[in-house]
Amino acid sequence: SNRGYIAHSDYFVALLWRRVVEGGGTGVGARVLRAARPPVIETDTHHALRSFAACDPSGRLVVGVANAGGEAIATALQLGQHGAPLAGGAEAWVLEAGGGGGLLDESVRLNGQPLYSVGGEVPELPPVTLPAPAGAFSAPPFSVAFLRYAAVVPEACGRDGGGTLAAA
């Protein structure tokens, strides 16, 4: 019945959220953390940047970075208000607009490779590994990235309470 279905970029964003952040349907929801950045924004480029942080069902930190602008944006991710660096490397799933259409583009790339789903067949969605330390990340133009830090388990992921991730 899905033989004519062609998945677009929003499908892959939702699919990665389900798999990476929510744990792929384990029945355990994600704990959303506070993601903040300094109030001083020096250039208009940063107005296109959005971020979130969550604990996956195993308690690992997952950071989402969305760049709705047409230029790459360099970010520096740190834990807490005092800027503790993120330890270890990270797994990264970076979805980018696949052609010249920007946010209206119907094609998508995952980690630089074309991504297709035709007829209801869901392709493999392998991450790439960012080397340690993985606190610096450049968000490509028109992209959504999920970064999972296996070695980072925020205090808030293991108890009832809040946590803060600072993005500069």
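Look above for the structure.
Scope of this entry: the structure provided in the associated data block. (Residues numbered from 1 in each chain as written. Predicted model: local features only at pLDDT ≥ 70, side-chain atom pairs only at ≥ 80, totals over all residues. Heavy atoms only, no water.)

1. Some points on the state of the cysteines
- Under the definition given, this model contains 1 disulfide.
- One disulfide bridge connects Cys55 with Cys157, the sulfur atoms lying 1.8 Å from each other. With the S-S dihedral at roughly -80°, the linkage between Cys55 and Cys157 falls on the left-handed side. One end of the pair, Cys55, is in strand E2 (residues 49–55); the other, Cys157, is in the loop between strand E11 (143–149) and strand E12 (164–167), and 102 residues separate them in sequence. An identical accessibility class is assigned to Cys55 and Cys157; each is buried. (Disulfide = S-S within 2.5 Å. Helix = DSSP H or I, 4+ residues; strand = E, 2+ residues; numbered from the N terminus. Buried < 20%, exposed > 50% of the residue type's maximum accessible area, 1.4 Å probe, protein only.)

2. Thoughts on the environment of Leu33
- By the element assignment, Leu33 lies in strand E1 (residues 31–36).
- Residue classification places Leu33 among the buried residues on the basis of a relative accessible area of 10%.
- With 29 residues separating them in the primary sequence, Leu33 and Val62 have C-alpha atoms 9.6 Å apart.

Function cannot be inferred from these measures alone, as they are strictly geometric.
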